[in-house]
Structures are given as C-alpha cells and as structure tokens.
Amino acid sequence: MKVYLTASEEARAARRSADLSADPRATQAVTRDEQKRRDTADAPQSVMASDAIEVDSTVLSLDQVIGLIVRAAGDRGFPLASRRARTG
C-alpha cells in the first residue's frame, strides 16, 4: 500500500521548529524557508503515485495519522492491519 503524506507548510514548519526547539535559530519562519528550498529541490520526485492514498496531516495528531493508515490497510485486506485496527 502506498501512502502520500502531506500537510500545510505552516503545520510542517511548526512541527519541525518544535523538533528543533533546543536551537534558538530554528524559528518557524527560518524552518519554513528551509523547507521551501527542500520542497523545490524534491519536487520532481514528489509526485503522488496513482494508486496511493493521500493523508493530509495538517490538523491530525501522529496517532490519528497512524490510525487512518492502519484502517486503510485493513480495508485493503492487509491481515495484520485488520487485526490491529480491531484491537487497537
């Protein structure tokens, strides 16, 4: 199963700057600018596959994203994903 995980620039920058909170230079604005440069460089290879499911994590927690992916896998017949979705 293919998953195309996406989020808004603002959400991605906020998450990344929070990850780098020990570095006083890692403001959300600086992080967003660096992210834009990386996104531009990666754009040619960042195309969603035609058989992928898109998950927009802009307003979702990590647990919610994992839950959506596990449920989608279960819906597509992946046995371990189906068992986990029922129990967890």
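All chains use their own residue numbering, which begins from 1 and follows the written sequence. In keeping with the predicted nature of the model, local features appear solely for residues at pLDDT of at least 70, side-chain atom pairs appear and are counted solely at 80 or more, and the whole-chain, interface and lining totals rest on all residues. The basis for the side-chain values is all heavy atoms of the structure; hydrogens and waters are excluded.

A. Molecular detail of the side chain of Ser-57. Runs of E in the DSSP output that reach at least two residues are strands. Runs of H or I that reach at least four are helices, and both are numbered from the N terminus. With respect to the helices and strands, the residue Ser-57 is situated in the loop between β2 (52-56) and α3 (62-75). Classification of Ser-57 as buried rests on a relative accessible area of 6%. Here, residues are in contact when the closest pair of their heavy atoms is within 4.5 Å. Here Ser-57 is in contact with Leu-5, Thr-6, Ala-7, Arg-15 and Val-65, once residues within four sequence places are set aside. When a residue's accessible area, from a 1.4 Å probe over protein chains only, is under 20% of the maximum for its type it is buried; when over 50% it is exposed; and in between it is partly exposed.

B. Helix α1 (residues 9-19), seen in detail. Looking only at α1, the buried set comprises Ala-11, Ala-13 and Ser-17. Projection of α1 onto a plane perpendicular to its axis shows the buried side chains occupying an angular sector of 165°, all on one side. Check the buried side of α1 and you find it contacts α2 (28-42). Directions drawn from the helix axis to the C-beta atoms are what define this arc.

C. Quick peek at α3. Here the expected span of a helix is defined as 1.5 Å times the quantity of residues minus one. The end-to-end C-alpha distance of α3, which contains 14 residues, comes to 20 Å, matching closely the 20 Å that a straight helix rising 1.5 Å per residue would cover. Among all positions in α3, only Val-65, Gly-67, Val-70, Ala-72, Ala-73 and Gly-74 are buried. Downstream of α3 by a residue or two, Gly-77 has a phi angle that is positive, lying close to 90°.

D. Structural view of the pattern of salt bridges. The rule for a salt bridge is simple: a side-chain nitrogen of Lys or Arg has to be within 4 Å of a carboxyl oxygen of Asp or Glu. Following the criterion strictly, the structure yields two salt bridges and no others. Across the pair Lys-2 and Asp-51 runs a salt bridge, and its minimum N-O distance is 3.2 Å. Remark: Asp-51 occurs in the loop between α2 and β2 and Lys-2 occurs in strand β1 (residues 2-6); sequence separation between them is 49 residues. The salt bridge partner of Lys-36 is Glu-9, with a shortest N-O separation of 3.9 Å.

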